Amino acid sequence: MTILETATKIINEGPICDHCMGRQFAKLSTGLTNVERGQAIKLSLAMEGDASFKDTGDDSLLEELSKSSVYARKSLKIEGEDDKCWVCMGIFDKLDLWADRAIESIGDIEYSTFLMGTKVSGLVGENEEILWSECGITQAEQFKTEMNREVGKLIAARTEKEVEFERPDVVVTMDIAEESTSIRVKSVYIQGRYRKLLRGIPQTRWPCRGCGGRGCEQCNNTGKQYPESVDELIAEEVIKATEGTDTKFHGAGREDIDALMLGTGRPFVVEALNPVIRSIDVWELEKKINEFANGKVEVEGLNIVEKGVIENLKSAKADKVYNLKVTFKEPVSTDKLADAINSLIGVQIHQRTPQRVSHRRADLIRKRYVHNMQLIEKTDEYAIIEVYCDGGLYVKELTSGDEGRTVPSLTEKLGIQATVAELNVVKVDI
Ligand SMILES: [Zn+2]
Ligand SMILES: [Zn+2]
């Protein structure tokens, strides 16, 4: 079928606007809008119709076309306007209105890039499919593709913001049936490193074990198992700075509640949800967080990153350096302890999931290396030992042996029960 034969079939289905006519041939000839395609095709049809009218007196094509083309009406010497398009039901006459709605729903939210989406009502989607199958159309684009593009162009022109497909700051969805718009705002991702300077603070919020977060006597109706967390100590100022609704905390692993996180700190990303403000002064934010966290937690090196960084944080196998304060069930000589420590260096540790975490983690045997281990200090009461090992090695059990579940262990090498009394993470090496 030629283009004009297909177009004639389309015209015979009912009145159609320039957008909807042009869209049926959208994949042909680039550098044109669908309106330009539609106008060109309708003009060609009007000339065809006029030619056969003048040659044979057959006005059937002009008659059908007169509902959609001023030129057909002129040839037939009739007045009037185009009828409402049966495919889009006149939606393309209201592009400005949709742009108004979209801009209004974004409101005061700061953004530099956006993307339009369309939820097509049942009827428009059906109309389009009827047209394609009745007329054998193969070069069309979808209604929503044109809608998104055309409204996007209007918004870009009015706001000087850019359309972005990969990672737009704001996605606006136009619900055609509801005649409304809704928005989704991209989170702001702030990367940094934290130190935890006080024991007893978990990394993330923990709902109360008694009530699961609803609030009960046990948790003083806070719904929380612990009054504060690294997550919450950081979140407060992030929410203020971004005017977001909440935050999500993503850490590169975690330390035990009773362990300090020292040295250069642990990498993390805090995600501000539904931010109103994206252009954050990270230096100012860092200062505010550290003031608020008041010596319990310190952050540094804050910078704005993309979402992908979280995946890297989570998957990175970071080596760790721990500083352990170890006590012994019986007196141990410095030489004997040093020998036991040396015998663990470079050794692969077979570690069955520790009893203390077995309710949260699958029971299996993990293999991790101790890269280095050093006796830093030895008194009659305790020893300070530094361990440099693969991430994921449980160093409390490396010390205690966990009743034979971790092999080898310091306890096994010494023949004396050793226990970690205090634990600090001094380095997370990503
Ligand atoms: Zn239309
Ligand atoms: Zn509770």
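Residues numbered from 1 in each chain as written. Chains lettered and ligands numbered in written order. Predicted model: local features only at pLDDT ≥ 70, side-chain atom pairs only at ≥ 80, totals over all residues. Heavy atoms only, no water.

**Q** Explain the nonpolar core to me, please; I cannot follow it from the model alone.
**A** One broad rule of soluble globular proteins: the nonpolar side chains tend to lie buried together. Formed by 50 residues in total, the largest nonpolar core has its most connected members in Tyr-194, Ile-234, Phe-328, Val-387, Val-395 and Leu-410. Among all residues touching Ile-234, those that are not within four sequence positions of it are Tyr-194, Phe-249, Phe-268, Val-270, Ile-289, Val-297 and Val-299. Cys-20, Val-87, Trp-98 and Met-147 belong to the second-largest nonpolar core, a separate cluster that totals 45 residues. (Core = buried A, V, L, I, M, F, W, Y, C linked by side-chain atoms within 4.5 Å. Buried < 20%, exposed > 50% of the residue type's maximum accessible area, 1.4 Å probe, protein only. Contact = heavy atoms within 4.5 Å.)

**Q** Hey, could you run me through helix H3 (residues 34-56) in this one?
**A** It helps to recall that an α-helix has 3.6 residues per turn; residues three or four apart then point in one direction. End to end, H3 covers 32 Å across 23 residues, agreeing with the expected 33 Å (1.5 Å per residue, within 8%). Of all the positions in H3, only Asn-34, Arg-37, Gly-38, Ile-41, Lys-42, Leu-45, Ala-46, Gly-49 and Asp-50 are classed as buried. On its buried side, H3 packs onto helix H1 (3-13), helix H2 (18-23), helix H4 (60-65), helix H5 (70-75) and helix H8 (143-159). (Helix = DSSP H or I, 4+ residues; strand = E, 2+ residues; numbered from the N terminus. Expected span 1.5 Å × (residues − 1).)

**Q** Just to check I follow, could you spell out the coordination of the zinc ion (ligand 1) for this structure?
**A** For a metal with four tetrahedral donors the ideal donor-metal-donor angle is 109.5 degrees, while six octahedral donors give ideal angles of 90 or 180 degrees. On the protein side, the zinc ion (ligand 1) has Cys-17 (SG), Cys-20 (SG), Cys-85 (SG) and Cys-88 (SG) as donor atoms, found 2.2 to 2.3 Å from it. If you look at the zinc ion (ligand 1), its 4 donor atoms make angles of 105 to 116° with each other, and the shape they trace is tetrahedral. Along the chain, the residues donating to the zinc ion (ligand 1) fall in the pattern C-x2-C-x64-C-x2-C. Here Cys-85 lies in the loop between H5 and helix H6 (95-106) and Cys-17 lies in the loop between H1 and H2, a separation of 68 residues in the sequence. Taking the relative accessible area as the measure of exposure, Cys-17 reaches 15% and is therefore buried. Assessed through its relative accessible area of 4%, Cys-85 is described here as buried. (Donors = N, O, S within 2.8 Å, 3.2 Å for Na, K, Ca; no water. Tetrahedral: all angles 85-135°; square planar, octahedral: opposite > 155°, others 65-115°.)

**Q** Help me out: how do you make sense of H1 in this one?
**A** Where H1 is concerned, the buried positions are Thr-6, Ala-7, Ile-10 and Ile-11. Burial along H1 is one-sided: seen end-on, the buried residues are contained in an arc of 140°. Two residues or fewer past H1, Gly-14 is found with a positive phi of approximately 145°. (Arc of directions from axis to C-beta.)

**Q** Is there a simple way to think about the packing of helix H9 (residues 230-242) against helix H10 (residues 282-293) in this case?
**A** Helix-helix packing: each pair is described by the crossing angle between the helix axes and the interaxial distance. Between H9 and H10, the least distance of the axes is 9 Å, while the angle of their chain directions is 135°. Accordingly, the angle class assigned to the pair H9 and H10 is oblique. The chirality of how H9 crosses H10 is right-handed. Mapping the contact onto sequence places Glu-232, Leu-233, Ile-234, Glu-236, Glu-237, Val-238 and Ala-241 in H9 and Leu-285, Lys-288, Ile-289, Phe-292 and Ala-293 in H10. Along the lines of polarity and charge, the residues of the contact of H9 with H10 split into 8 nonpolar, no polar and 4 charged. (Axes fitted to C-alpha atoms, helices over the stretch in contact; angles between N-to-C directions. Parallel < 35°, antiparallel > 145°, perpendicular 65-115°, else oblique. Left-handed = near helix turned anticlockwise from the far one by under 90°. Nonpolar A, V, L, I, M, F, W, Y, C, P; charged D, E, K, R; others polar.)

**Q** Explain the packing of aromatic side chains to me, please; I cannot follow it from the model alone.
**A** Geometrically, a pair of aromatic rings is defined through the distance of the ring centres and the angle of the planes. Throughout the structure, instances matching the rule amount to 6 aromatic pairs. Here Tyr-111 and Phe-114 contribute two aromatic rings whose centre-to-centre distance is 6.4 Å and whose plane-to-plane angle is 85°, an arrangement assigned as edge-to-face. For Phe-114, a relative accessible area of 0% gives the class buried. Consider the rings of Trp-206 and Tyr-226, whose centres lie 5.6 Å apart with planes at 80°: the pair is edge-to-face. Here Trp-206, found in the loop between strand S5 (188-196) and H9, pairs with Tyr-226, found in the loop between S5 and H9; they are 20 residues apart in sequence, far enough to count as distant. On the accessibility criterion, Trp-206 (24% relative accessible area) is partly exposed. For Tyr-226, a relative accessible area of 23% translates into the label partly exposed. Through successive ring pairs, a cluster of aromatic residues spans Tyr-194, Phe-249 and Phe-268. (Phe/Tyr/Trp six-rings, centres within 6.5 Å; stacked < 30°, edge-to-face > 60°.)

**Q** For this particular structure, what's the right way to read the coordination of the zinc ion (ligand 2)?
**A** Protein-derived coordination of the zinc ion (ligand 2) comes from Cys-208 (SG), Cys-211 (SG), Cys-216 (SG) and Cys-219 (SG), at a distance range of 2.3 Å. Classification of the site at the zinc ion (ligand 2) rests on its 4 donor atoms, whose angles at the metal span 102 to 111°, yielding the label tetrahedral. Going along the chain, you hit the donors of the zinc ion (ligand 2) in the pattern C-x2-C-x4-C-x2-C. Highlighted residues: Cys-208 in the loop between S5 and H9 and Cys-219 in the loop between S5 and H9, separated in sequence by 11 residues. For Cys-208, a relative accessible area of 2% puts it in the buried group.

**Q** Is there a simple way to think about the packing of H1 against H3 in this case?
**A** Across the interface, H1 lies against H3 with an axial gap of 10 Å and an inter-helix angle of 90°. Comparing their axes, H3 and H1 come out roughly perpendicular. Where H1 approaches H3, its residues Ile-3, Leu-4, Ala-7, Thr-8 and Ile-11 are matched on the opposing element by Ile-41, Ser-44, Leu-45 and Glu-48. Among the residues forming the contact of H1 with H3, the class breakdown is 6 nonpolar, 2 polar and 1 charged.

**Q** Explain the pattern of salt bridges to me, please; I cannot follow it from the model alone.
**A** Oppositely charged side chains are able to pair whenever their charged atoms sit close together. One pass over the structure, following the stated rule, counts 36 salt bridges. Across the pair Glu-150 and Lys-153 runs a salt bridge, and its minimum N-O distance is 3.3 Å. With Glu-150 and Lys-153 both in helix H8 and 3 residues apart, the pair spans about one turn of that helix. Exposure remark for Lys-153: the relative accessible area of 41% places this residue in the partly exposed category. Between Arg-266 and Glu-255 there is a salt bridge, with the nearest N and O atoms lying 2.8 Å from each other. Residue Arg-266 is located in strand S7 (residues 259-273), and its partner Glu-255 is located in the loop between strand S6 (246-251) and S7; the two are separated by 11 residues in the primary sequence. No difference in accessibility class separates Arg-266 from Glu-255, as the two residues are buried. Connected through salt bridges with shared partners, the residues Arg-167, Asp-169, Lys-186, Arg-278 and Glu-306 form a single ionic network. (Salt bridge = Lys/Arg side-chain N within 4 Å of Asp/Glu carboxyl O.)

**Q** What is the right way to read the environment of Ala-46 from this model?
**A** Here Ala-46 is to be found in helix H3. Its relative accessible area of 3% is what places Ala-46 among the buried residues. Residues Ala-46 and Ile-137 lie 91 residues apart in sequence; the distance between their C-alpha atoms is 20 Å. If sequence neighbours within four positions are ignored, Ala-46 has contacts with Leu-62, Leu-65, Ser-69, Tyr-71 and Ala-72.

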